[in-house]
Structure formats: C-alpha cells, structure tokens
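Per-entry structural report
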Amino acid sequence: MRRRLLVVTLAVTTLLVAAFAIPLGILVRDVARDRAITDAERDMSSLVPLLAVSSEPAVLEEALERTAAGTDGRLGLWLPDGQRIGDQRGADPDDLALARDRGIAFSRAHDDGVDVYTPVVVAEGAVVVLRVHIPNALLRDGVATAWAILAVLAVGLLAVAVIGSDRLARSVTRPAVALAATGRALAEGDASARAEVDGPPEIAEVGAALNLLADRIHELLAAERERVADLSHRLRTPLTALRMDAEAAGAPAVIADVDRLESEVTELIQAARRPLHETVQAVCDLTEVATRRAEFWGALADDDGRSWTCTVTPPGPHRVRLTEPDAAAAVDALLGNVFAHTPEGTRYAVSVSRAGDRVVLSVEDAGPGIDDPEAIGRGQSSAGSTGLGLDIAARAAAAAGGSMRVQRGHWGGARVVLDLPALAEGA
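Attention in this report is confined to the structure presented alongside it. Keep in mind that this is a model prediction, so the values were computed, not measured. (Residues numbered from 1 in each chain as written. Predicted model: local features only at pLDDT ≥ 70, side-chain atom pairs only at ≥ 80, totals over all residues. Heavy atoms only, no water.)

1. Considering the pairing of strand 9 (residues 348–355)
The criterion, for reference: Paired strands, in this sense, are two strands between which DSSP finds at least two bridges. Helix numbers and strand numbers start at the N terminus; a helix is a DSSP run of H or I with at least 4 residues, a strand a run of E with at least 2.
Examined bridge by bridge, strand 7 (residues 308–313) and strand 9 share 6 bridges and lie parallel to one another. Each bridged residue has a counterpart across the sheet, and for T309 the counterpart in strand 9 is A349. Where strand 9 folds back onto strand 10 (residues 358–365) in an antiparallel hairpin, the turn is made up of 2 residues, including G356, whose phi is positive at roughly 65°.

2. Overview of a nonpolar patch on the surface
Condition: Exposure above 30% relative accessible area and the absence of a salt bridge qualify a residue for a patch, where like charges join within 9 Å and nonpolar side chains (Val, Leu, Ile, Met, Phe, Trp, Tyr) within 5 Å. Accessible surface area values rest on a Shrake-Rupley calculation with a 1.4 Å probe, where residue burial reflects the displayed protein chains alone. Counted as salt bridges are all cases of a side-chain nitrogen of Lys or Arg within 4 Å of a carboxyl oxygen of Asp or Glu.
Taken together, the side chains of V8, V12 and L16 make up a nonpolar region of the molecular surface, amounting to roughly 260 Å² of accessible area. By the secondary structure assignment, L16 is in helix 1 (residues 2–45).

3. Here's the deal with the side chain of D95
Here is the rule: When a residue's accessible area, from a 1.4 Å probe over protein chains only, is under 20% of the maximum for its type it is buried; when over 50% it is exposed; and in between it is partly exposed. Counted as a polar contact is a pair of N or O atoms within 3.5 Å, where, for protein atoms, one must be capable of donating a hydrogen and the other of accepting one, and residues adjacent in sequence contribute only when both atoms are in side chains. Residues count as neighbours in contact if any of their non-hydrogen atoms are within 4.5 Å of one another.
Along the chain, the position of D95 falls in helix 5 (residues 93–102). Here D95 falls in the buried class, since its relative accessible area comes to 5%. Polar side-chain contacts of D95 include one of 2.9 Å to the side chain of R108. In this view, D95 contacts F106, R108 and Y117; residues no more than four positions away in its chain are not counted.

4. What about the sheet that holds strand 1 (residues 75–78)?
So the rule is basically this: Angular values range over 0 to 180 degrees, each being the angle between N-to-C directions of two axes fitted as lines to C-alpha atoms, with helices fitted over their stretch in contact.
The strand order 2-1-5-4-3 describes an open sheet built from 5 strands, whose pairing is antiparallel. The open sheet terminates on both sides in strands that have one partner only, identified here as strand 2 (84–86) and strand 3 (106–110). The mean angle between the axes of side-by-side strands here comes to 20°, regardless of whether they run parallel or antiparallel. In this structure, strand 1 lies alongside strand 5 (residues 127–135), joined through 4 bridges in antiparallel fashion. Note that in strand 5 the partner of L75 across the bridge is V132. Of the strands in this sheet, strand 1, strand 4 (113–121) and strand 5 are in contact with helix 1, which crosses strand 5 at around 145°.

5. Overview of helix 1
An α-helix turns once per 3.6 residues; consequently, residues spaced three or four apart project the same way. Inclusion rule: Helix span, expected: 1.5 Å multiplied by one less than the number of residues in the helix.
Between its first and last C-alpha, helix 1 extends 63 Å over 44 residues, near the 64 Å set by a 1.5 Å rise per residue. Every buried residue of helix 1 is listed here: T13, V17, G25, A32, A36, I37, A40, D43 and M44.

6. Quick word on the packing of aromatic side chains
Under the convention used in this document: What counts as a ring pair is set by centres within 6.5 Å for rings of Phe, Tyr and Trp (its six-membered ring), and what kind of pair is set by the plane angle: stacked under 30 degrees, edge-to-face over 60, tilted for all other angles. By the criterion adopted, a ring carries a charge over it if an Arg CZ or a Lys NZ lies within 6 Å of its centre and within 35 degrees of its normal.
One pass over the full model with this rule turns up 5 aromatic pairs. Ring geometry for F296 and W297: centres 5.9 Å apart, planes at 90°, overall edge-to-face. Residue classification places F296 among the partly exposed positions, given a relative accessible area of 23%. Summarising the aromatic geometry, the rings of W297 and F339 are spaced 5.2 Å apart at their centres and angled 40° between planes, so their arrangement reads as tilted. In this pair, W297 sits in helix 12 (residues 286–304) while F339 sits in helix 13 (residues 324–341), placing the two residues 42 residues apart along the sequence. Taken individually, W297 and F339 each receive the classification buried, so the pair is uniform in this respect. Linked through ring pairs, F296, W297, W308, F339 and Y348 together constitute an aromatic cluster. When the ring centre of F296 is taken as reference, the NZ or CZ atom of R293 above it lies at 4.5 Å.

7. Focus: the nonpolar core
Where we set the bar: The criterion is simple. A nonpolar core is a set of buried Ala, Val, Leu, Ile, Met, Phe, Trp, Tyr and Cys residues joined through side-chain atoms within 4.5 Å.
Residues L322, Y348, L361, L418 and L420 are the most contacted members of the largest nonpolar core, which totals 32 residues. When residues of this core are traced back to their parent elements, those giving at least two are helix 12, helix 13, strand 9, strand 10, helix 14 (389–399) and strand 12 (414–421). Ranked by residues supplied to this core, first place goes to helix 13 with 8 residues. With residues up to four places along the chain from it excluded, the contact list for L420 reads L286, V320, L322, D357, R358, V359, A397, A400 and G402.

8. Here we look at empty space enclosed by the protein
Threshold: Residues are called lining when one of their atoms sits within 4 Å of a cavity or pocket point, these points coming from a 1 Å grid over the protein atoms alone, where a cavity is a set in which a 1.4 Å probe fits but cannot get out and a pocket is an open set with protein on both sides within 12 Å along at least five of seven lines. Grid points are joined across faces, edges and corners, and a volume is the space filled by probe spheres set on the points. Gly is placed with the polar residues, together with every amino acid not listed as nonpolar (Ala, Val, Leu, Ile, Met, Phe, Trp, Tyr, Cys and Pro) or charged (Asp, Glu, Lys and Arg).
In the structure shown here, the tally under the stated rule is 1 cavity of 30 Å³ or more. Of the volumes computed, that of the largest cavity is approximately 30 Å³. Lining the largest cavity are L286, L322, A327, A330, V331, L361, A396, A397, L418 and L420. Broken down by element, the residue count for the lining of the largest cavity peaks at 3 residues, all from helix 13. For the lining of the largest cavity, the class distribution of residues is 10 nonpolar, no polar and no charged.

9. Observations concerning the packing of helix 13 against helix 14
To keep it simple, the criterion reads: The handedness criterion is simple: a crossing whose near helix is rotated anticlockwise from the far helix by less than a right angle is left-handed, and one whose near helix is rotated clockwise is right-handed.
For the pair helix 13 and helix 14, interaxial distance at closest approach is 8 Å and the crossing angle is 145°. Crossing handedness for the pair helix 13 and helix 14: left-handed. Contact residues: D326, A329, A330, A333, L334 and N337 in helix 13; G389, L390, I392, A393 and A396 in helix 14. Of the residues in the contact of helix 13 with helix 14, the class split is 8 nonpolar, 2 polar and 1 charged.

What follows is the structure, encoded as structure tokens:
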C-alpha cells in the first residue's frame, strides 16, 4: 500500500510539474529570443535619424561604434552606391535585393544565429539596408540557467511530494503493520498480545475489534480448558474406586491398567491448563513416542492374539514439532481404532520413516479398511464409536505443520499416514 501511494503521488506530481515546467521553459526560451531581437532592432533604430541627414561613411562608422551590435562587429549597412560600412560578413544578394528593392524588413535564420534586415529610405528615394547579426549565444542567453533552475525546482517539488506522501503512507501503514504483528503473535500462542489503537479512525477501529476478539477468545479458551480439567478431575473418583476394587480382588493387571489410566487423566488435566504457546513451541522425538506407545498396545495385542510390528527407518531420533502427549495421543488414537474396528487376531504394523525433510508415521492393519470418506470428520463414525480417533490424529498432524492420509494398505486393510515436517537437530 505504501509503495502504491508513493507511485501514484510521484506520477501525479510528475504530470503537474511537467504541465507547468515545460510551457514555462518554452516561454523562457521565447522571451530570451525576443529580447535579443528587440535589442538588435533598437541598435538599428538608433541609426535611422542619422541616415536621414548624413551619408558620410566616417560619420556612420562612428555612429555604429556607439551601438552594442556595432561594437561587436555584428551591425552593418549598405549605402545606395553599394558601399558597405560596419559588419564585413558576406550577405546573400537575394536578401539584399529583397530589402532594397521591395522595402521589406525581415529576418533570416542561419545555423549560427539570425540576421535581421531593415531598409531605410533616405534622400531622393534611395534605400540604405541595415543588417544586424544575432548569434545563438545571445538568442539563448540565460535560457540554460533558467532551465536548470526550473529542473531543480521540479526535482525539489517531486522530493517534497514523495516525502510528504511517504509520511502519509507511514501514518496509514505503520498501524496496519502493527496489527499484522499482533495477529501473528496471537497465532503463535501469545494470548497477552494486543494491538495499539492508533492511526486513522478505520485502522484504530480494526485494532479495537482485534483486541476485543483476542479478549473473547482468551475467555472462551480459558473456560473450555477449565471445563476439560474439571471433567478429567471427576474421573479420579471412579478410578479410585476401581483401584480399591482391583486391590481387593487381587488383580495386579487391572491395577496396572488403572495406574496408566490415572497417568493419562493427570496429563489431560495438565494439558488443559498448559499455556497455549508451550504447545505451539513443543518438540518431541516421534521415534521414541511411537515405540513406547506401540509397546504399550503390544501387551494388549498379545492378549488379543494379534501379531504386530514396530519399525523405524532409518534408526535414530526423528524430531517433529509436537508435544509428547499430543504425539502419544495421535498414536493411541490410531492404534485404538485398530483394536476397536478390526476382528480379534487381526495383525497390524506401526512404522516411522524419514524421507528427506519429512517424517512419516504409518499405522496399517489387515482389517476391512475404511471405505467411508466421512470417517475423518470430527464426530463422524459408522461403527458406533465417538468418531474422534482419526480427527485427533489429523489435528496433531496439522499442529505439526503436516497432514494425514487414509489409504488402502498392502494387506487390504486401512493404512493411516501422518506426514510431518522433520525438525533439524538443535531446532
């Protein structure tokens, strides 16, 4: 916007300056030419009274020396008898005849200047021809200086216009840039970022609206997080009762499951109350998370008669921009779908691979597959579940800057792929 304002201002100012400067420059040139011709005609006119009373060469030569043109050797005259006095430059016979025989005063332009001819009738009808030469230097005297001054003034006006336009543009764009910076800060998780209500009324109104929106979003997020935390906390009571029943029944496996469930509930409470910017800036090793969660689900798979594998290619850490709980929730959601929507004994495979600057997490099973394209939508399910599993994985992929794909696997079942940007070491 600022650049456009500067371009428009420069274009308009240039047109205005050109509209005034060019005609003024032509006028200055014409005035200088007319002044030089007028001075030459005045020198010739000063000799007319003398020619009326005397034609003596000596007297005429003395009179010529008293004029500016005569002193410069540019003024000459031709007497009726053909004698030339003063300027000894050659003259065109046709021009002399035109002035002498027809009595016409005129000017003739040459490469080096202008010659002005004036016939003067003296005694007995004889004609004396006066000629003054005006060189180009006199015709253009002061023109270059005047044009230079006009050019400096034009450049000065352009500079003033551009500077003024730039200041005006800054007064508009500076608040807009500040609004954009505030928006980026909010997007990065800085809930305290607020725009400075400044600038033109329209921009100030947008800033106030942005601040109001940020406050409202902050209130809604805080209320939502507290509701999630409260709901998670309510689960502790039935979990405590379940633990006591398991201890009374002497079921260590159930006790271990309750411990893991309590750990997940605790993490859910902490995640609900965690500042948003911590989530945005989180990093985890997807290899370590996927391996740990695969082993957790592997114990259940063994009890269920399922064969499973977990592979990492190439070996080593593969870091992505996700918190460990979010990455674990995505893996759990995908593996939970395998257990929930495939028959007992169905095999599955978990793999983490690196391809260039991408990390790919894949969960594949030998079940019936996912034929319903709406299954990816939040709350959408045709199998009687909550329909949140794939959406949790998709949201985790989006939060890391990647994407999720649902494909048909090599075994004929579903293959869910999370394609995530890899982080460089030290990022």
